[in-house]
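Take a look at the letters that make up each chain.
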Amino acid sequence: MKIEEKSQNISREEILAKIIKTETFLHSIQDVDVLLEQILAEARSVVNADAGSIYVASKNRLAIQYAQNDTLQRRLPPGQKLPYGYFEFPIDNSTIAGCSAGMKKLINVPDVYHIGPDKPYKFGKETDMATGYKTVSNLTIPLLTISGMLLGVLQVLNALDENGKPHAFTSDDEIYLTHFASNASVALERTLLTRSMIMRMIKMAELR
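Keep in mind the model is a prediction, meaning the values are calculated, not measured.

Participant: How do you make sense of helix 2 (residues 32-47) when you look at a structure like this?
Facilitator: Note that an α-helix has 3.6 residues per turn; residues three or four places apart therefore point the same way. In a regular helix each residue adds 1.5 Å, so 16 residues correspond to 22 Å; helix 2 covers 23 Å between its end C-alpha atoms and thus fits that length. Within helix 2, 13 of the 16 residues are buried, which leaves it mostly tucked inside the rest of the structure. Where helix 2 ends, the next residue or the one after it, Asn48, has phi of about 50 degrees, a positive value.

Participant: Is there a simple way to explain the environment of Arg44 in this structure?
Facilitator: Mapped onto the elements, Arg44 comes out in helix 2. Between the alpha carbons of Arg44 and Gln68 there is a distance of 9.1 Å; along the sequence they are 24 residues apart. Not counting the four nearest positions on each side in its chain, Arg44 is found in contact with Ala49, Asp50, Ala51, Gly52, Gln68, Asp70 and Val156. Polar contacts involving the side chain of Arg44 include one to the side chain of Asp70, which spans 2.7 Å.

Participant: Can you help me understand the pattern of salt bridges in this one?
Facilitator: Side chains that differ in sign of charge can pair as their charged atoms come close. For the structure shown, the criterion picks out 3 salt bridges. Ionic pairing is found between Glu37 and Lys81, a salt bridge with its closest N-O pair at 2.7 Å. Of the two residues, Glu37 sits in helix 2 while Lys81 sits in the loop between helix 3 (70-73) and strand 3 (88-90), which places them 44 residues apart along the sequence. Taking the relative accessible area as the measure of exposure, Lys81 reaches 60% and is therefore exposed. The closest approach of N and O atoms between Arg44 and Asp70, which form a salt bridge, is 2.7 Å. With Arg44 in helix 2 and Asp70 in helix 3, this residue pair connects regions lying 26 residues apart in the sequence.

Participant: Help me understand unusual backbone geometry, please; the structure alone is not making it clear to me.
Facilitator: For residues besides glycine, phi is generally negative; the peptide bonds are generally trans as well. One non-glycine residue with positive phi stands out, namely Lys59, at about 55 degrees. The residue Lys59 is located in the loop between strand 1 (49-58) and strand 2 (61-69) in this model. Looking at Lys59, the relative accessible area reads 79%, which means it is exposed. One non-glycine residue, Lys104, lies in positive phi territory at about 55 degrees. Structurally, Lys104 can be placed in the loop between helix 4 (96-103) and strand 4 (107-109). On the basis of relative accessible area, Lys104 is assigned to the partly exposed category, the value being 41%.

How each quantity is defined
Residues numbered from 1 in each chain as written. Predicted model: local features only at pLDDT ≥ 70, side-chain atom pairs only at ≥ 80, totals over all residues. Heavy atoms only, no water. Helix = DSSP H or I, 4+ residues; strand = E, 2+ residues; numbered from the N terminus. Expected span 1.5 Å × (residues − 1). Buried < 20%, exposed > 50% of the residue type's maximum accessible area, 1.4 Å probe, protein only. Contact = heavy atoms within 4.5 Å. Polar contact = N/O pair within 3.5 Å; in protein donor to acceptor, adjacent residues only side chain to side chain. Salt bridge = Lys/Arg side-chain N within 4 Å of Asp/Glu carboxyl O.

Encoded structure:
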C-alpha cells in the first residue's frame, strides 16, 4: 500500500484519511524489520520526501535500521538496493535525531546547512560528502508509545515540490507526519512485544 503523492487538489482531510487507512496495513505486518522499512517508505510518501532514515532506541542510544533515498537509488542498476552503513549514536542534543529523541518532540529544519546558532544540534555533512547528495530540509519525529516510552526516531529529508526540487517541510507536513507517527508507533510497539514474547518462549523451551 502506498499513499499517493500530495497535490494541490488533495485536501488536508483527504490526506489525513489516507494516513489513517495505513494503520490497518501496518498492523498486518508481523516482522519487525519489514515493518520498520515500510514505516519509513510510507512516511516519505505522506510528505513527498526524497529520502529518510529510521532509528531504533536502545539504552540511551539510537541505531539506524533503514535508510532510503530515491535520488541515489535511481543511480543504481535495476533491482539493486541502496547500501547503507550501520551506525549508532547517543541520545543527546548534538544531532537532530538525538535531540528529537531526547526532547520527545518533532523538529523541523528548513535548511540543514544553515542551522541557527540558537539550536544545540548540528547536521553531519559526512554522508552528503561521501554520496554527492545534497540534503536541504529535515523533518524528524520520535516514535513514542501511548505511555510515552521512546521506541525510535523517524527522519524524512528533502520535501519535493511539483518540479522535484527540494524545499522546506510545511506546517501541514508536521501535522501529517505527527498523525502518521502516532499510528506507526502503535503498530511498532505491538510487533516488538510479539517478538519479545516469542523470544521468551524459545528460551523457556530451551531450558526445558
